[in-house]
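Remarks on the overall topology
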Amino acid sequence: MLDLKIFKKNPIARYPTLDTVLMIEETIEKYNGDVNRTELWKKLPRKVMWQTYLMVLDYLAYSNKIIVDPKDGKIVWIWNPKLAKLLEKRGLIIK
């Protein structure tokens, strides 16, 4: 599902701002596992172009913050910063 081509320079693409990425992340966390990508897009507090929205979802999947359930397409937030800090303290991950 992840299309790395979207991260390459595309003169037509609209690249998201950090504010947009954070808004989408917060919405995914709020509806964690309850909605698919179309439903989530409709629940965003501000309008985002579909192409830009898909680019953010691909980025979040690429950075291991979300996964998409293959059975029903629901988006699940998997990033756990508390666990990452704990693993870093134990020397199991390096920043």
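Look above for the structure.
Residues numbered from 1 in each chain as written. Predicted model: local features only at pLDDT ≥ 70, side-chain atom pairs only at ≥ 80, totals over all residues. Heavy atoms only, no water.

**With respect to the overall build of the protein**
Within the protein, the regular secondary structure consists of 4 helices and 2 strands. The helix and strand sequence of the protein, counted from the amino end, reads α-α-α-β-β-α. Counting only residues that meet the buried cut, the protein has 27% of its 95 residues in that class. Put simply, 55% of the contacts in the protein that link residues at least 6 apart link residues at least 24 apart. Carbon and sulfur atoms form 56% of the exposed surface of the protein, whose accessible area is close to 7,100 Å². (Helix = DSSP H or I, 4+ residues; strand = E, 2+ residues; numbered from the N terminus. Buried < 20%, exposed > 50% of the residue type's maximum accessible area, 1.4 Å probe, protein only. Contact = heavy atoms within 4.5 Å. Areas by Shrake-Rupley, 256 points an atom, 1.4 Å probe, with all protein chains shown as cover.)

**Here we look at the nonpolar core**
Core analysis: the biggest nonpolar cluster contains 15 residues, and I24, I28, Y53, L57, I66 and I75 have the highest contact counts within it. For this core, the secondary-structure elements that each account for two or more residues are α1 (18-30), α3 (50-62) and β2 (75-77). Sequence-distant contacts of Y53, defined by excluding residues within four places in its chain, comprise I24, R37, L40, W41, L44, V48 and I75. (Core = buried A, V, L, I, M, F, W, Y, C linked by side-chain atoms within 4.5 Å.)

**A short note on the pattern of salt bridges**
Within this structure, the stated rule accounts for 3 salt bridges. Across the pair R46 and D19 runs a salt bridge, and its minimum N-O distance is 3.3 Å. Here R46, found in the loop between α2 (37-43) and α3, pairs with D19, found in helix α1; they are 27 residues apart in sequence, far enough to count as distant. The exposure class of D19 is partly exposed, given its relative accessible area of 48%. A salt bridge links K65 to E25, with the shortest nitrogen-to-oxygen separation between them at 3.1 Å. Within this pair, whereas K65 is found in the loop between α3 and β1 (66-68), its partner E25 is found in helix α1, the two being separated by 40 residues in sequence. Overall, the relative accessible area of 18% leaves K65 in the buried class. Under the relative-accessibility criterion, E25 is labelled buried at 11%. (Salt bridge = Lys/Arg side-chain N within 4 Å of Asp/Glu carboxyl O.)

**Concerning the packing of aromatic side chains**
A full pass over the atoms with the stated rule returns 2 aromatic pairs. Considering the side-chain rings of W50 and Y53, the 5.4 Å spacing of their centres and the 40° angle between planes classify their relative orientation as tilted. Linking W50 with Y53, this pair stays in helix α3, spanning 3 residues, or about one helical turn. Owing to a relative accessible area of 0%, Y53 belongs among the buried residues under this scheme. (Phe/Tyr/Trp six-rings, centres within 6.5 Å; stacked < 30°, edge-to-face > 60°.)

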